[in-house]
Amino acid sequence: MSGLPPTGDSGAKSAAKNLTDLLDVRAGQPADLLLRRATLLDPVAGIDGVHDLVIRGGRIAEIAAPGEADANGGEELDAEGLHAFPAFFDPHVHLRTPGQEHKEDVETGTRAAAAGGYCGIIAMANTSPPVSTAADVAALREQARAGASVPVGFVATVTVDMKGEELTEMVELRDAGAIGFSDDGLPIRNARIMRRALQYQQLCGGNIALHEEDPDLSGDGVMHEGAVSAAIGLAGVPSVSESTMIARDAALAAYEDARIHVQHLSAKESVDVVRAAKAAGVRISAEASPHHLCLTDEEVRSLDPRRFKMNPPLRHESDRQALIAALRDGTIECIATDHAPHHLDEKEVPYEQAAMGVTGLETAFAALHTELVLPGVIDLALLVERLAGGAAPFDVPRPTLAVGSEANVALCDLAAEWTVGEDGYESRSSNSWAEGRTLTGRVLVTVAAGQVAFRLRSFSLGVA
């Protein structure tokens with residue numbers, strides 16, 4: 001291949017310093033807030049300790065010794081015993097608009113994100129109809145500017161209407177503001193089409209996020225292929241249906257010197273492929289979802305599709321351990337919820353017939369803190385780093401507590417216990433994989449793009 005400029009975004013995009021330079025959000029009042037005696041933790045910026053954190057005009061204005069900062073007329077919060085982190089960033093969310101707003105929309109989905117401590121999300125394009133034109137992107141961006149609680153970036157489809165037959169006008173879509181490209185929900189089956197998309201990436205920049213699955217291997221499977229599927233008599237999806245497609249696309253990305261982002265890794269074989277590709281210099285990044293890090297296919301014995309049917313499926317304990325190891329060593333850079341709202345009518349049916357997908361924005365931090373941090377499987381700093389790591393694959397500035405940066409802060413009570421679903425959800429849908437679980441750790445306040453996006457209703461903002 002020749003005659004194409006090198007991969008890269010425009011200077012304006014690469015120079016972005018704030019989430020709002022690239023993502024869309026409803027305009028609001030910039031926050032003036034003093035968090036008094038909060039325990040700050042930003043492992044990337046090297047911030048760890050008890051401080052006063054001052055947010056002024058929507059930016060991190062000062063980090064002072066505990067009890068020493070001046071609120072200067074702003075709101076003052078006694079945060080002693082609470083933790084302040086860089087707010088989280090989710091690169092894989094389904095907002096279901098246009099066409100399926102009875103499940104979720106920009107307003108409810110971003111409220112759910114704010115409740116989970118997220119300062120930014122990226123919305124997938126497998127809507128009804130799919131986001132395949134510049135007009136589609138423009139309409140969604142307008143919705144976000146009118147009603148989003150946190151900044152939203154919108155990906156456009158790689159192929160027209162996700163049919164896998166013809167590429168979209170990728171340059172035009174990027175010019176309209178598409179943050180990247182994905183046919184998520186479906187793999188790109190045709191290797192020639194996939195290669196062509198990677199070639200066009202050279203013209204327009206932007207990452208390509210991939211749902212990796214060989215449908216011929218997956219067949220009619222509805223859960224992981226293994227001992228549990230055999231025992232309960234459900235058709236299984238083998239791990240190699242994922243890993244073989246990752247291997248193909250990593251080889252194509254290497255050949256074209258292109259970038260790819262692998263979505264929702266679920267299998268040990270997939271981890272091995274990604275790790276080997278990185279070692280070979282392939283420009284590949286990867287994410288894992290909270291449900292794959294916390295659960296296994298043993299949950300499917302309950303035959304509860306509302307909480308435990310998703311694609312890729314929950315897999316074996318050995319796969320879960322491989323994902324955790326990859327999270328530790330950086331093979332997996334980020335955690336993404338794959339927040340997939342569904343109406344109960346699509347879930348309260350026999351397992352084989354139920355829609356795939358679960359919600360997760362409101363529970364990701366608490367679930368992972370409960371299941372991985374408290375037992376000592378990973379440390380808190382690593383969890384915080386990986387929850388914010390989803391910004392990088394899409395060239396979005398990483399949330400930070402550094403002085404001078406846009407304020408993107410999640411204030412959390414690590415000791416708070418709560419039962420998922422007991423008080424309802426901000427999301428329009430209730431198909432949470434964590435429903436009914438008692439979790440430890442809760443987001444109390446989220447500042448996103450310099451604005452207070454969420455305050456837990458039961459939490460009193462007391463003055464120090």
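Novice: Before we move on, can you summarise the overall build of the protein chain with the specific residues and values?
Specialist: Check the secondary structure of the protein chain and you find 15 helices and 18 strands. Its C-alpha atoms give the protein chain a radius of gyration of 21 Å, within 12% of the compact-globule value 23 Å for 464 residues. Viewed in the frame of its principal axes, the protein chain has a C-alpha envelope of about 60 × 55 × 40 Å. Every one of the 464 residues in the protein chain was classed for burial, and the buried ones make up 60%. The long-range share in the protein chain, meaning contacts at least 24 apart out of those at least 6 apart in sequence, stands at 76%. Taken as a whole, the protein chain presents about 16600 Å² of accessible surface, with 48% of it coming from carbon and sulfur. Each charge class in the protein chain was averaged separately, 39 positive and 67 negative side chains, and the resulting centres sit 2 Å apart.

Novice: If you had to explain the packing of aromatic side chains to someone new, which residues and values would you point to?
Specialist: Taken as a whole, this structure holds 3 aromatic pairs when the rule is applied. Sitting over the face of the ring of W418, R442 holds its NZ or CZ atom 4.0 Å from the ring centroid.

Novice: Break down the environment of D220 for me, citing the residues and quoting the values.
Specialist: As for its position among the elements, D220 is in the loop between helix 6 (215-218) and strand 11 (223-224). What makes D220 exposed here is its relative accessible area of 72%. Between the C-alpha atoms of D220 and V237, which are 17 residues apart in sequence, the distance is 7.9 Å.

Novice: How would you sum up the environment of G49? Please name residues and give values.
Specialist: Along the chain, G49 falls in strand 2 (residues 47-56). Residue G49 is classed as buried on the basis of its relative accessible area of 18%. Residues G49 and A115, spaced 66 residues apart in sequence, show a C-alpha to C-alpha distance of 24 Å. Residues in contact with G49, not counting those within four places in the same chain, are A38, T39 and L40.

Criteria and thresholds
Residues numbered from 1 in each chain as written. Predicted model: local features only at pLDDT ≥ 70, side-chain atom pairs only at ≥ 80, totals over all residues. Heavy atoms only, no water. Helix = DSSP H or I, 4+ residues; strand = E, 2+ residues; numbered from the N terminus. Rg over C-alpha atoms; globule rule 2.2 N^0.38 Å. Buried < 20%, exposed > 50% of the residue type's maximum accessible area, 1.4 Å probe, protein only. Contact = heavy atoms within 4.5 Å. Areas by Shrake-Rupley, 256 points an atom, 1.4 Å probe, with all protein chains shown as cover. Lys, Arg positive; Asp, Glu negative; His and termini not counted. Charge placed at Lys NZ, Arg CZ, Asp CG, Glu CD. Phe/Tyr/Trp six-rings, centres within 6.5 Å; stacked < 30°, edge-to-face > 60°. Lys NZ or Arg CZ within 6 Å of the ring centre and 35° of its normal.

Without other data, these values stay purely geometric and don't point to any function.
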